Amino acid sequence: MQEFDVVVIGGGVSGLRAAVAAKRAGVSVALISKTHPLRSNSALAQGGINAPLGKDDSPERFIEDTLAAGDGLCERSIVQSFAQEAAKEVLWLEQMGVPFNRDKDGRLDRRRFGSNSLSRSCYTDDRTGHIVLNVLYEQFQRLAIPAFEEWFVTSLAVDGETCVGAIALGLRSGKLDSFAARSVVLATGGLTRMYLPSTVSIGTTGDGQALAYLSGARLMDMEMVQFHPTVFPKGQGLLITEATLGSGAQIVNQQGAAIQVSKDAPRSKLSLSISQAAQNGAGSAFLDLKPIGKDKILSFFPQTHELLRSVAGLDCTKDLVPIHPVAHRPMGGIEVKASGETSIAGLFAVGECACNGLNGAGRLAGNTLSEAVIFGKRVGEAAAGYAKAAVKKNFPAAQLADEEKTLAALASGDSSQDSLSAVHAELGGLMNEKVGLIRDAGGLTQALDRIARLKERYQKIKVRNTGRIYNYELTTHLELGAMLILAEIVARSAQARTESRGAHYRSDFPNLDDTNWKSHTVAKLSQGSTQLDKKPVAN
Amino acid sequence: MQVTFKVYRKDPEKDGKPGRTNYTVDVPDGATVLESLFKIRDEMDPSLAFRCSCLRGHCGDCMVRVNGSSRLTCTAKVSAYTQKGPEISLDPLRNVPVIKDLVFDWDAFMWNKIKEVKPWLEAEETSANGENSVSDAAMQDIRKVMSCFYCGMCDEGCTVLPVDFNFLGPAALTKAYRLAFDPRNKDSREQVKIVEKPKGIWDCVHCYEADEHCPRGIEPTKRIVALRDRAFNSGITHEAVARHHESFAASVKESGWLDEGRLAVESEGLTNVKGLMKLLPTAAKALSRGKAPIPYMHSKRPDADKIKKIFEKAEQEEK
């Protein structure tokens, strides 16, 4: 058994920031990550990280823009403290070594990104997530924090109402081990892999949300899944940063004529208008990057240029790039306070797996990375503070043996002829079609029916690989299980919300309904099924 | 299209011996190698192990050898490798310990070596109220180096690593450059001191394979040369290396070509009796086999003066 004061699960930007903050607060910390941290989904963030650093900017304007993107569902106090801390945290990143692009005076340059009302996003070319992640990993290594890389957490250990650690499978050793902790921070990322295509990495499967939910924690605003407007939609989906729009790129039809969309609208509106333009006979939409100019494309968007060439076979300095809105990031997640505390003592959550009300019904472009570092720090410190004060509880002795049995059960008995990828493919298509950009009551009912059937099919698929070392069939099985649990909750929450708001668009309820729905949806596991409640937005 | 994938196999939980399994699968047009691997694992062999994460060329995790060349499976299109026939071989990277099938030991291959260069900036938390004021040109250089996504292709192409697996390798040395050349680093000599030791920058043979292999154009060899210059110019380099360099340059400058006898003696140091004694057996062998003229003479090449002028010009420019 491993023992630490704080165990952080997830090695992306939120998790690394939390681990660094907890360690600096003077407690023992370990990080568990199912992939190498530098391969995590944070590396895919491109456009920038928001902070009100400009002379023309202020925390107040930043608050307004964030609230506007959240479309009435943000928790104002969270947004306020976030906006107040953003500049300090971005400057901290700079001091720790992020080589942000500079203006001619050597100060941090900023660019216009998404529906920010002015240039607010600091950036490192079009690799902001990758480089922020790298610098955080540098500082993480500087503190010599033990890292359990390629370890997959299979369950949380909850004693009564208190989280006392987790159990994880070492992919390399093939062995399960217990991690006793006074506090546990979930920083496991989003869930958008339940949509196909999507913009995310293969591991973005909602593991943390499902673990927390199964342990009794509440999930909030799960119906809110943001679609990204400018994605090359073939194959796995390749996101092209909206910062290209801020730099002059145009949305056009096949003939190259501009499609009338408001480029600085929130992502939900932009996605809807691209989708509707396609349906209204304008044909597919394309992104025309040529107005940016070849030199600027190569210097500010080198990765976009490289990946469009290698993934799509397109030269974006010459070719139009087909685009379509594709599922990107959830706003909902594990319900947490500003400190990251969940409804389970000792269990904290941060970043994309968590929901503190910052993003409401729509996340402002460039806020994802800011959120990850600002709350990563805060939650890491809170988890360390909790660990210092917590009475040490024993790790339930039988749980490791129980977990062995659970994993063995997945592999025992005959498997159906079905396959995990067939179930996943059907789930992905279903979520896109019925629980995607445009939803209605009939489609959501169908979706729930089909999710129930997919769950039945899933139960009959056994893990056939009897080895334990790098058994990716086993981890894929566990990940699909998490996605099926959460898909149902996303669809149930979407069914409950009979209005349109932010990323949630109901064609049968196309209007905002503040009278009935200025509320979060909250889902909780109760006697084996999902119980849905409303929680008013605190203003 | 029917394609046969000939995949390297090794199972540490069975006999642990390397082998190969052929899988013939029907893959759609435009499929990637990674998508084919998913299909094989899902429909034919659930035990097949291979890594991947981002699925679209961002992260470097899925690097293997496709028909012998290192490639990311997520961006490698099957059709690009079946021109000569519907067969594709898949192997782990060369000269790397393999754990299972296509999953090899990234720790031993790269991550542990990167750790050796103390891969972080020594920065203080409250160093200033605002950002460090530095030029974008300086940051652009660091951004270029930090676009490295640890795909391992530079180390895979390196010609030293197959001979000496303990060589730090171009990926780790490039990371050292990122820190040594970041103007914000409070102790930028630290990394230079680390990589200047044996198994570091002086073991690079300048074959430029790393630059040929790097898919991001980071030019690791150029970074290693810059670290050498830094080590040399800041006096960090140990004396024998410095003497070797100086003697090498002086000999070519004066005679137009390398005086190997002089290089050996001057590298050891004229007052280093113990070191010079070590050279005697080699000198004796060379003499006995007629590899060295007696008496020892090193004549000037024709046009040696022109070479001298090149040196003088370069020295002038450096000033």
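Preceding block: the structure.
Quantities reported herein were computed from a predicted structural model and do not represent experimental measurements.

Parameters at a glance
- Residues numbered from 1 in each chain as written.
- Chains lettered and ligands numbered in written order.
- Predicted model: local features only at pLDDT ≥ 70, side-chain atom pairs only at ≥ 80, totals over all residues.
- Axes fitted to C-alpha atoms, helices over the stretch in contact; angles between N-to-C directions.
- Helix = DSSP H or I, 4+ residues; strand = E, 2+ residues; numbered from the N terminus.
- Parallel < 35°, antiparallel > 145°, perpendicular 65-115°, else oblique.
- Left-handed = near helix turned anticlockwise from the far one by under 90°.
- Contact = placed C-beta atoms within 7 Å.
- Pairing = 2+ DSSP bridges.
- Expected span 1.5 Å × (residues − 1).
- Buried ≥ 20, exposed ≤ 12 C-beta atoms within 10 Å, placed from the backbone.

Undergrad: What exactly am I supposed to notice about the packing of helix H1 (residues 13-24) of chain A against helix H4 (residues 128-142) of chain A here?
TA: Packed helices, taken two at a time, are described by their axes: the angle between them and the distance between them. All names here are of chain A. Taken N-terminus to C-terminus, the directions of H1 and H4 make an angle of 25°; their axes are 9 Å apart at the nearest point. Taken together, the axes of H1 and H4 are roughly parallel relative to one another. For the element pair H1 and H4, the recorded crossing hand is left-handed. Across the interface between the two elements, Val-13, Leu-16, Arg-17, Ala-19 and Val-20 from H1 touch Gly-129, Val-132, Leu-133, Leu-136, Tyr-137, Gln-139 and Phe-140 from H4.

Undergrad: Sorry, what's going on with the interface of chain A and chain B here?
TA: On the chain B side, the residues contacting the 47 residues of chain A number 46 residues. Elements supplying a minimum of two residues to the side of chain A that touches chain B: helix H3 (76-96), H4, helix H9 (302-312), helix H12 (420-434) and helix H14 (472-496) of chain A. With seven residues, the single largest contributor to the side of chain A that touches chain B is H4(A).

Undergrad: I'm lost on the sheet that holds strand E13 (residues 285-288) of chain A in this one. Help?
TA: Residue and element names in this part refer to chain A. Strand order in this open sheet of five strands is E11-E10-E14-E13-E12, and the pairing throughout is antiparallel. Where the open sheet ends on each side, the last strands, each with one partner, are strand E11 (238-239) and strand E12 (250-252). Summarising the sheet, strand E10 (residues 225-232) and strand E14 (residues 321-330) pair through five bridges and their orientation is antiparallel. Following the sheet pairing, Gln-226 is matched in E14 by Arg-329.

Undergrad: Can you help me understand the environment of Thr368(A) in this one?
TA: All names here are of chain A. Looking at where Thr-368 falls in the secondary structure, it is placed in helix H10 (residues 367-389). Separated by 133 residues in the primary sequence, Thr-368 and Arg-501 have C-alpha atoms spaced 20 Å apart. In this structure, Thr-368 is in contact with Ala-45, Arg-329 and Arg-363, ignoring residues within four places of it in sequence.

Undergrad: Honestly, helix H9 (residues 239-255) of chain B in this entry has me stumped. Any pointers?
TA: Every α-helix winds through 3.6 residues per turn, so residues three or four apart in the chain are directed the same way. Spanning 17 residues, H9(B) covers 24 Å between terminal C-alpha atoms, matching the ideal 24 Å at 1.5 Å per step. Positioned one or two residues after H9(B), Gly256(B) has a phi angle of 90°, which is positive.

Undergrad: Can you help me understand unusual backbone geometry in this one?
TA: Backbone geometry follows two general trends: most residues other than glycine have a negative phi, and most peptide bonds adopt the trans configuration. Residue Pro197(A) is bonded to the preceding Leu196(A) through a cis peptide linkage, with omega at -5°. Unusually for a residue other than glycine, Glu150(A) sits at a positive phi of about 60°. Within the secondary structure layout, Glu150(A) lies in the loop between strand E5 (147-149) and strand E6 (151-159). The backbone of Asp101(B) shows a phi angle near 50°, a positive value even though the residue is not glycine. Relative to the helices and strands, Asp101(B) resides in the loop between strand E6 (98-100) and strand E7 (103-104).

Undergrad: Whenever I open this one, the pairing of E13(A) confuses me. Can you help?
TA: Regular strands place their side chains on alternate faces of the sheet. Residue and element names in this part refer to chain A. Alternating residues of E13 divide into Ala-285 and Leu-287 and Phe-286 and Asp-288, and every residue in both groups is buried. Pairing geometry for E12 and E13, over three bridges, is antiparallel. Residue Val-252 lies in a different strand from E13, and its bridge partner there is Phe-286. Bridging between E13 and E14 involves three bridges; their strand directions are antiparallel. In the sheet register, Phe-286 faces E14, and the bridge partner there is Pro-322.

Undergrad: Honestly, the sheet that holds strand E17 (residues 354-355) of chain A in this entry has me stumped. Any pointers?
TA: To summarise the sheet geometry, strands pair through backbone hydrogen bonds and adopt either a parallel or an antiparallel arrangement. Residues and elements named next belong to chain A. Spatially, E17-E15-E9-E18-E19 is the arrangement adopted by the five strands of the open sheet, whose pairing is mixed. This sheet does not close on itself; its edge strands, each paired only once, are E17 and strand E19 (529-536). Looking at chain direction, strand E9 (residues 219-220) and strand E18 (residues 519-526) are connected through two bridges and run antiparallel. Across the sheet, the residue bridging to Met-220 is Val-522, located in E18. Lying on the sheet, H14 is in contact with E9, E18 and E19; it crosses E19 at an angle near 45°.

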